[in-house]
Amino acid sequence: MKKISVIFILPDLETGGAERIVTTIANHLSRDRFEPKILLLRKQGGYLNFLKKDVEIIDINTERIRHSLKPILGEIYRRKPDIVFSGFGEVNAYLALFIKLFPRTKFIARETNVVSEHVTRKEIKFFYNFYNNYQKIIAQSDDMMSDLIENFNIRKKKIVKINNPVDFDFINEKLNGSAKPECFKYNHKNVVAIGNLSARKGFDNLLKVFSRLKNENIQLHILGDGKDKEILLQMKDFLGLKNVIFHGRQDNPYQFLKYADLFVLSSRYEGFPNVLLEAGACGTYSLANNCPGGINEIIQDQVNGEVANIEDYEEFSQKIMKVLQGNYNRDGIKNSIRSRFSKDIILNKYEKLLLDLVKK
């Protein structure tokens, strides 16, 4: 039986959500049925170390996404894969225009965000006029699905909803023998937030919330890097937030999550936030901003977390206080995530999608 060749397309394998998901899918697809390859614009990033050796990497060595189209199309023409799986919004958009050049190859786009919130440049929005050329489009949440149908006229039958998987084995391996971070103050409650330091992640709102908790024994640990780092540091100083610590990007964020008293998601919008799933996989209760992007599909109220409006700074700060005074069942939190989003459940959905596509 001929194996189904699948080329996944990403800019790189830096430690982000889309990269994590594609690495997980490529690693765990059945090797009896599939032959996965990953095409990268740049061969770099932390997830290169986690990719199985039998996954071929195609490196087109291009800095800019707009310059990558010709080499991507060249590789597809030369290799003639059964399936091309594009996993990054901007590449998905550009690629849509050229799908009909390859009638024997099936094309899948996996969206990473609520598109109308995320895509602001007119020249990229233009390419979404051709999005129905894809045989299938993966949305991670109901919010993403509705957005594609209502704002981009994508045909409903083209869209399949598949939530993100959580790799418990990977997380547990990272937690094996990990100790409580030294920066976690004794006799303080420790709150953790993780994400790219950009406007989308709403850390400015989180700092305003914590300006109301200055006199409490609560530390906020923010993990991540990004273009807004300097602005956020200035804001922290201006608000006099001595108990807020910026740690930069961490190789092992899971030890922070495991020992945290609370995880906070402050985003303005999401796709389907992996970090919320991973906090739950570490047994940590979450408080999330009520934003578009599948939050309400992940949070089971007062089981693994709660949802509130972060822009009501006073109410959100009181919610943090209330949650920190409660006790939550860590095993119950883990099971809430495992029973719905474990790697095996989600990867079965991906395999079925790929197999059904090739049969058509």
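Quantities reported herein were computed from a predicted structural model and do not represent experimental measurements. (Residues numbered from 1 in each chain as written. Predicted model: local features only at pLDDT ≥ 70, side-chain atom pairs only at ≥ 80, totals over all residues. Heavy atoms only, no water.)

On to the packing of aromatic side chains, then. Pairs of aromatic rings are described using the distance from one ring centre to the other and the angle between the two planes. Enumeration according to the criterion identifies 15 aromatic pairs in this entry. When the centroid spacing of 5.5 Å and the interplanar angle of 75° are considered together, the rings of Phe 126 and Phe 130 count as edge-to-face. For Phe 126, a relative accessible area of 44% puts it in the partly exposed group. Relative accessible area serves as the criterion here: at 26%, Phe 130 is assigned to the partly exposed category. Each residue in the set Tyr 47, Phe 50, Phe 170 and Tyr 254 is aromatic and connected to the rest through ring pairs, giving one cluster. Sitting over the face of the ring of Phe 170, Arg 20 holds its NZ or CZ atom 3.8 Å from the ring centroid. Just above the ring of Phe 168 sits the side chain of Arg 338; from NZ or CZ to the centre is 4.2 Å. (Phe/Tyr/Trp six-rings, centres within 6.5 Å; stacked < 30°, edge-to-face > 60°. Buried < 20%, exposed > 50% of the residue type's maximum accessible area, 1.4 Å probe, protein only. Lys NZ or Arg CZ within 6 Å of the ring centre and 35° of its normal.)

Here the focus is the sheet that holds strand S3 (residues 56–59). Strand order in the open sheet formed by 7 strands is S3-S2-S1-S4-S5-S6-S7, and the pairing between neighbours is parallel. Edge positions in the sheet fall to S3 and strand S7 (159–161), since each of these pairs with one other strand and no more. Across the sheet, the mean angle separating the axes of adjacent strands is 25° when strand polarity is ignored. Sheet topology places strand S6 (residues 136–139) next to S7; 3 bridges connect them, and they run parallel. By the bridge assignment, Ile 138 is partnered in S7 with Val 160. Contacts between helix H1 (residues 17–28) and the sheet are confined to strand S1 (4–10), strand S2 (34–40), strand S4 (83–86) and strand S5 (106–110), with S1 contributing the most and set at about 165° to the helix. Seen against the sheet, helix H6 (residues 142–152) touches S6 and S7 and runs at an angle of roughly 170° to S7. (Pairing = 2+ DSSP bridges. Helix = DSSP H or I, 4+ residues; strand = E, 2+ residues; numbered from the N terminus. Axes fitted to C-alpha atoms, helices over the stretch in contact; angles between N-to-C directions. Contact = heavy atoms within 4.5 Å.)

This part covers the environment of Leu 39. Following the sequence through the fold, Leu 39 ends up in strand S2. Judged by its relative accessible area of 1%, Leu 39 falls in the buried class. Note: C-alpha distance between Leu 39 and Ala 109 (70 residues apart in sequence) is 14 Å. Residue contacts for Leu 39: discarding those within four places in its chain leaves Ile 7, Phe 8, Ile 9, Leu 10, Ile 58, Ile 60, Ile 72 and Glu 75.

A separate point is the side chain of Arg 110. Looking at the element boundaries, Arg 110 is found in strand S5. Of the side chains with opposite charge, Glu 19 lies nearest to the buried Arg 110, which makes no salt bridge, at 7.8 Å. Among the polar contacts made by the side chain of Arg 110, one reaches the side chain of Tyr 350 at a distance of 3.4 Å. If sequence neighbours within four positions are ignored, Arg 110 has contacts with Ala 18, Ile 21, Phe 85, Ser 86, Gly 87, Phe 88, Asn 92, Ile 138, Gln 140, Asn 164 and Tyr 350. (Lys, Arg positive; Asp, Glu negative; His and termini not counted. Salt bridge = Lys/Arg side-chain N within 4 Å of Asp/Glu carboxyl O. Polar contact = N/O pair within 3.5 Å; in protein donor to acceptor, adjacent residues only side chain to side chain.)

Next up on the list: the UniProt feature "domain: Glycosyl transferase family" (unreviewed entry) in the protein. The UniProt entry lists residues 188–335 under the feature "domain: Glycosyl transferase family" (unreviewed entry), expressed in the numbering used here. Helix and strand shares over residues 188–335 are 39% and 20% respectively, and the end C-alpha atoms of the span are 27 Å apart. (UniProt positions renumbered as here; feature names shortened; annotations may be inferred.)

Sheet architecture is open: 6 strands sit in the order S10-S9-S8-S11-S12-S13, paired in parallel fashion. Single-partner strands in this sheet number two, and they are strand S10 (244–248) and strand S13 (305–308). On average, each strand axis in the sheet is tilted by 20° relative to the strand beside it, whichever way the strands run. Of the strand pairs in this sheet, strand S9 (residues 218–223) and S10 are connected by 4 bridges, and their pairing is parallel.

Turning our attention to the packing of helix H11 (residues 274–281) against helix H14 (residues 330–341). Closest axis-to-axis distance for the H11/H14 pair is 7 Å, and the angle between their directions is 125°. Between H11 and H14, the angle is such that the two are oblique. Along the contact surface, H11 presents Leu 277, Gly 280 and Ala 281, while H14 presents Ile 333, Lys 334, Ile 337 and Phe 341. (Parallel < 35°, antiparallel > 145°, perpendicular 65-115°, else oblique.)

The next thing to look at is the UniProt feature "domain: Glycosyltransferase subfamily 4-like N-terminal" (unreviewed entry) in the protein. Those residues carrying the UniProt feature "domain: Glycosyltransferase subfamily 4-like N-terminal" (unreviewed entry) are residues 16–169 in this numbering. In residues 16–169, the share of helix is 35% and the share of strand is 18%. The end C-alpha atoms are 18 Å apart.

Quick look at unusual backbone geometry now. The backbone of Asn 187 sits at a positive phi, close to 60°, despite the residue not being glycine. Within the element layout of this structure, Asn 187 appears in the loop between helix H7 (168–175) and strand S8 (189–194). On the basis of relative accessibility, which here comes to 56%, the residue Asn 187 falls in the exposed class.

Looking at the secondary structure, you find Arg 66 in the loop between S3 and helix H2 (69–79). Considering only alpha carbons, one finds Arg 66 and Tyr 94, 28 residues apart in sequence, at a separation of 8.0 Å.

With domains assigned, the protein is organised as domain 1 (4–165 + 342–359) and domain 2 (168–340). One C-alpha centre belongs to domain 1, the other to domain 2; they are set 29 Å apart. Across the boundary between the two partners, domain 1 contributes 23 residues, which contact 22 residues of domain 2. For the pairing of domain 1 and domain 2, the buried interface totals around 1,700 Å² over both sides, and the portion due to carbon and sulfur atoms is 47%. Counting every contact that joins domain 1 to domain 2 gives 3 salt bridges. On the surface where domain 1 and domain 2 come into contact, there are 11 residue pairs in polar contact (both at pLDDT 80 or more). (Domains from an automatic or database assignment. Buried area = accessible area lost by both parts, 1.4 Å probe.)

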